[in-house]
Amino acid sequence: MKRLLDCTAADFEKMTGKELKQSILASEGRTIVAEVIGSITPYYPAVTNAEMAAAFGADLILLNFFDVFNPTMEGLPEVVPDTIVRTLKKLVGRPIGLNLEPVDLTVKQVESLIELPEGRLATEKSLQKAKELGFDFVCLTGNPKTGVSNAEITKAIQVARSVFGEDGLIIAGKMHSAGVAGEVGGSLMSTETLHSFIEAGADIILIPSPGTVPGFTIERTAKLVDSVHEKGALAILTTGTSQEGSDEATVKQIALNSKMAGADLYHIGDAGAAGIAIPENITAYSIVVRGKRHTYVRMASSILR
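Residues numbered from 1 in each chain as written. Predicted model: local features only at pLDDT ≥ 70, side-chain atom pairs only at ≥ 80, totals over all residues. Heavy atoms only, no water.

So, empty space enclosed by the protein
What the rule picks out here adds up to 1 cavity of 30 Å³ or more. Taken as a whole, the largest cavity spans an internal volume of roughly 30 Å³. Together, V33, L62, F137, C139, I171, L206, I236 and H267 line the largest cavity. Of the residues contributing to the lining of the largest cavity, the split by class is 7 nonpolar, 1 polar and no charged. (1 Å grid on protein atoms, 1.4 Å probe; cavity = no way out; pocket = protein on both sides within 12 Å on 5 of 7 lines; lining within 4 Å. Points joined across faces, edges and corners; volume = space filled by probe spheres on them. Nonpolar A, V, L, I, M, F, W, Y, C, P; charged D, E, K, R; others polar.)

Some words on helix α4 (residues 84-92)
The set of residues buried in α4 consists of I84, V85, L88 and V92. Around the axis of α4, the buried residues are gathered within 95° of arc, so they sit on the same side. The elements touched by buried residues of α4 are α3 (49-55), β2 (60-64), β3 (96-100) and α5 (124-133). Residue G93 follows α4 closely and has a positive phi angle near 65°. (Buried < 20%, exposed > 50% of the residue type's maximum accessible area, 1.4 Å probe, protein only. Helix = DSSP H or I, 4+ residues; strand = E, 2+ residues; numbered from the N terminus. Arc of directions from axis to C-beta. Contact = heavy atoms within 4.5 Å.)

Quick word on the nonpolar core
Counting residues in each nonpolar core, the largest one holds 68 residues, and the members touching the most others are L63, L140 and I207. With 6 residues, helix α6 (residues 150-164) is the single largest residue contributor to this core. Those residues within four positions of I207 in sequence are excluded, and the remaining contacts are M189, L194, F216, T221, L224, V225, V228, I236, L237 and T238. The next biggest cluster of nonpolar side chains, apart from the first, holds 19 residues, and it includes L62, C139, I171 and L234. (Core = buried A, V, L, I, M, F, W, Y, C linked by side-chain atoms within 4.5 Å.)

Quick look at the environment of G211
Topologically, G211 is positioned in the loop between β6 (204-208) and α8 (218-230). Spatially, the C-alpha atoms of G211 and A277 are 17 Å apart, while their sequence positions differ by 66 residues. Here G211 is in contact with F216 and Q243, once residues within four sequence places are set aside.

With respect to the sheet that holds strand β5 (residues 170-173)
Hydrogen bonds along the backbone pair up the strands of a sheet, which may run parallel or antiparallel. Judged by pairing direction, the barrel is parallel, and its 8 strands sit side by side in the order β1-β2-β3-β4-β5-β6-β7-β8 before closing back on the first. Each strand of the sheet is rotated relative to its neighbour by a mean of 25°, with strand direction disregarded. The pairing of β5 with β6 spans 3 bridges and is parallel. Bridged to G173 within β6 is L206. Sheet strands in contact with α8 are β6 and β7 (234-239), and its direction is about 150° off that of β7. In the packing of helix α10 (residues 279-300) onto the sheet, contacts are made with β1 (32-37), β7 and β8 (265-268), and the angle to β1 comes to roughly 165°. (Pairing = 2+ DSSP bridges. Axes fitted to C-alpha atoms, helices over the stretch in contact; angles between N-to-C directions.)

Concerning the packing of aromatic side chains
Following the criterion strictly, the structure yields 3 aromatic pairs and no others. Ring plane angle 55° and centroid distance 4.8 Å describe the contact between Y43 and Y44, whose orientation is recorded as tilted. The exposure class assigned to Y43 is partly exposed, which follows from its relative accessible area of 31%. Pairing Y266 with Y285 gives two aromatic rings, centres 5.6 Å apart and planes at 55°, and the pair type is tilted. Of this pair, Y266 sits in strand β8 while Y285 sits in helix α10, placing them 19 residues apart in sequence. Geometry around F69 places K125 over its ring, the cationic atom sitting 5.3 Å from the centre. Here the basic side chain of R220 rests over the ring of F216, its NZ or CZ set 4.6 Å away from the ring centre. (Phe/Tyr/Trp six-rings, centres within 6.5 Å; stacked < 30°, edge-to-face > 60°. Lys NZ or Arg CZ within 6 Å of the ring centre and 35° of its normal.)

A look at helix α9 (residues 248-260)
With 13 residues, α9 should reach 18 Å at 1.5 Å per residue; the first-to-last C-alpha distance of 18 Å fits that figure. Taken residue by residue, α9 has V251, I254, A255, N257 and S258 as its buried positions. Elements in contact with the buried residues of α9: α8, β7, β8 and α10. The N-cap of α9, judged by a side-chain oxygen 3.2 Å from the amide nitrogen of A249 a few residues on, is D247. The positive-phi residue at the C-terminal boundary of α9 is G262, with phi of around 100°. (Expected span 1.5 Å × (residues − 1). Polar contact = N/O pair within 3.5 Å; in protein donor to acceptor, adjacent residues only side chain to side chain.)

Thoughts on the environment of D67
Positionally, D67 belongs in the loop between β2 and α4. Along the sequence, D67 and L116 sit 49 residues apart, while their C-alpha atoms lie 9.5 Å from each other. The residues touching D67, leaving out its near neighbours within four places in the chain, are P117, G119 and R120. Polar contacts involving the side chain of D67 include one to the main-chain amide nitrogen of F69, which spans 2.9 Å.

Focus: the side chain of E183
Following the sequence through the fold, E183 ends up in the loop between β5 and α7 (191-200). Take E183: its relative accessible area is 13%, and that puts it in the buried class. If near-sequence neighbours (up to four positions away) are discounted, E183 is found in contact with V148, S149, N150, K174, S177 and L188.

In structure tokens form, the structure reads like this:
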């Protein structure tokens, strides 16, 4: 199995979720995941935010605010909605996943919550539709003010596993409170929570990067990552607190701290510009964790290879 950073578009096209996980593992902490919003006017309207993120060094693209029952991607040529994901995959030459949100209607709120459309909720129906649309992986997490809880994520993992089967790739976890009382700052997650995600069937566990959520130091995050690895899962450390729009020095510090904490993958969020991290920050993050050699090759490689 090739390391992910050596894979071409043709390699990605044939990969199962399990093979993608093995390829990430072989890359030894040199995999960049860029989250983008496609339902708004792109940073530069001539191309989609997904294409922009891939061009600046991302290995995997994670779509946020994507409604599986009303698929849209601003910046694409006019296409049949149900072919949007496969069209986008041909353009970017990267695996593409989406966020679905396990909203918990029973939680105590720390702020006013928003109501999500059916196509963004992590239900069996929406997960099945995501599979039909051609997504390579699914991330079960929560945007701000959505009411996503750790308990509901655990339930959603089990549903996702039943839908995607053993070859599906499932990421799960929270990068901030999502408006839920008792899951804020240092109380966001525990080792027991992460183990419950793995036991439910998650392949990759999502944990905030050191310095993004109060209380998540390098030492504490490293312990959580170690506990994930002990159970055979991978860890993705996330920058989902709008710090993807910070200056490059801050982004570089987060990147190096995340590598020291043991990350297998690095997530950079979508709030730096118009539905995407500041593109230069994607490149800066990549250079920190894998140097210019691999970053520039990823940026320059044709999808026809």
